[in-house]
Amino acid sequence: MAIRKSKRSGGPKTLEGKVASSRNAVKTGSYSSQIALSAEEEADFKAFEDEFMYDFEPQGVVESSMVHELAVLAWKKLRLERVEHQLMRDQLKSPITPQEYIDAGFVGKDVAEFALKQLDRMDDQFIATHTKDLELARSLKKDRHNESRIKSLDQDHPDFYVRLQKVVRQLDRGPQKVIYAWTGIDNDKPSYNTKPSAADIPPSLLTEAFDQVTEESEAVIHVSKNIELIQGLKSKILDKRLMAMMESATSHRVHEDLGRLFSRRLKELREQQSWRIKRDIIDVLSEDE
């Protein structure tokens, strides 16, 4: 027995008609409160949802609501994946800390942290500068009682002197001596020389500064000789970061929950559509009797 077409229209056939039909009962935008969207994302989601409407061809408000929910779940799942990817990329691109290198197995000097922070600058010129500074710091420490050599340090080795002054300030041992140059014009407002020499630094502090420069430069040279080892540790550290993110990320559970909920809603939609088709067949058969 031939089955005649049901009196029900079966719904629109074009994409535009299906989209319009799916939103007849629920006005555009009312569903969007279920997900936080910017103006740009709103347009992207609408296009994304339209694809779902086209694929599933929902009939009536019930099926349209179910397809919309599938689109929302899929959108959230994709957005979560994008966020995870961005976080993972940022985490892997962030600079590796000296402590991470040490934890990964790098054995260095006591001040290896100083050198490991300089990895991006570890070229031949940088290494040569620290090799020179190391020799100079050792020599000056032995000859620290030679006042003329210490006093002319800023002229003989200006770059080293700048570094030494920086180390002295980092040691934070109180104000340095200020040398006043009286003009005799105004005793209440003396002019003064603000460029003290290395000889004006207290001997104990100067020795400590030489020691720190020595340790830092030794660390740079030590690290420069182990670049290949450090590069190998870098891959190990990035793998460790990745594993830590995968183990601690609660988003993994959310991702699975969204996947399970999507599958459940898809099954319910298929059951609804199957029920509708059977109902339409019954209507056709009833008309024939």
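Scroll up to find the structure.
Residues numbered from 1 in each chain as written. Predicted model: local features only at pLDDT ≥ 70, side-chain atom pairs only at ≥ 80, totals over all residues. Heavy atoms only, no water.

Chemist: So what's going on with the overall build of the chain? Which residues, and what values?
Modeler: Within the chain, the secondary structure is distributed over 12 helices and two strands. A burial count over the chain gives 31% of its 289 residues as buried. For the chain, restricting intrachain contacts to residue pairs at least 6 apart in sequence, the fraction spanning at least 24 positions comes to 74%. By element, 53% of the accessible surface of the chain is carried by carbon and sulfur atoms, the whole surface being about 19000 Å². (Helix = DSSP H or I, 4+ residues; strand = E, 2+ residues; numbered from the N terminus. Buried < 20%, exposed > 50% of the residue type's maximum accessible area, 1.4 Å probe, protein only. Contact = heavy atoms within 4.5 Å. Areas by Shrake-Rupley, 256 points an atom, 1.4 Å probe, with all protein chains shown as cover.)

Chemist: Describe helix H3 (residues 60-93), listing the residues and the values that go with them.
Modeler: An ideal rise of 1.5 Å per residue puts 50 Å on 34 residues; H3 measures up with 49 Å between its terminal C-alpha atoms. What H3 keeps buried is the set Glu63, Ser64, Met66, Val67, His68, Leu70, Ala71, Val72, Leu73, Ala74, Trp75 and Leu80. (Expected span 1.5 Å × (residues − 1).)

Chemist: Account for the layout of surface pockets, naming residues and giving values.
Modeler: Of the pockets and cavities examined, the largest pocket occupies roughly 530 Å³. Taken together, 18 residues form the lining of the largest pocket, with Thr129, His130, Asp133, Asp159 and Arg163 sitting closest to its centre. Among the secondary structure elements, those contributing two or more residues to the lining of the largest pocket are helix H6 (124-142) and helix H9 (158-171). In terms of residues, the lining of the largest pocket owes the most to one element, H9, which gives eight residues. Looking at the lining of the largest pocket, its residues break down into six nonpolar, five polar and seven charged. (1 Å grid on protein atoms, 1.4 Å probe; cavity = no way out; pocket = protein on both sides within 12 Å on 5 of 7 lines; lining within 4 Å. Points joined across faces, edges and corners; volume = space filled by probe spheres on them. Nonpolar A, V, L, I, M, F, W, Y, C, P; charged D, E, K, R; others polar.)

Chemist: With reference to specific residues and values, describe the packing of aromatic side chains.
Modeler: This structure, assessed with the given rule, holds four aromatic pairs. Joined through ring pairs, the aromatic side chains of Phe45, Phe48, Phe52, Phe56 and Trp75 make up one cluster. Here the guanidinium or amino end of Arg82 rests over the ring plane of Trp75, the centre of that ring lying 5.5 Å away. (Phe/Tyr/Trp six-rings, centres within 6.5 Å; stacked < 30°, edge-to-face > 60°. Lys NZ or Arg CZ within 6 Å of the ring centre and 35° of its normal.)

Chemist: Can you tell me about the nonpolar core, naming the residues and giving the values?
Modeler: One broad rule of soluble globular proteins: the nonpolar side chains tend to lie buried together. Within the largest apolar cluster, 17 residues are counted, with the highest numbers of intra-cluster contacts made by Leu140, Phe160, Leu164 and Phe210. For this core, the elements supplying multiple residues, two or more each, are H6, H9 and helix H10 (203-224). A per-element tally of this core places H9 first, with six residues. With residues near it in sequence (within four places) discarded, Phe160 still touches Asp133, Leu136, Ala137, Leu140, Leu153, Phe210 and Val213. (Core = buried A, V, L, I, M, F, W, Y, C linked by side-chain atoms within 4.5 Å.)

Chemist: Now, about the packing of helix H2 (residues 39-56) against H3: what can you tell me, with residues and values included?
Modeler: One can describe the packing of H2 onto H3 by two numbers: an axis separation of 9 Å at closest approach and a directional angle of 130 degrees. The angle between the axes of H2 and H3 places the two elements in the oblique class. Taken as a pair, H2 and H3 cross one another with a handedness that is right-handed. Here Glu41, Asp44, Phe45, Phe48, Glu49, Phe52, Met53 and Phe56 of H2 come into contact with H3, specifically with Ser64, Val67, His68, Leu70, Ala71, Val72, Ala74, Trp75, Leu78 and Arg79. Residue composition of the contact of H2 with H3, by class: 12 nonpolar, two polar and four charged. (Axes fitted to C-alpha atoms, helices over the stretch in contact; angles between N-to-C directions. Parallel < 35°, antiparallel > 145°, perpendicular 65-115°, else oblique. Left-handed = near helix turned anticlockwise from the far one by under 90°.)

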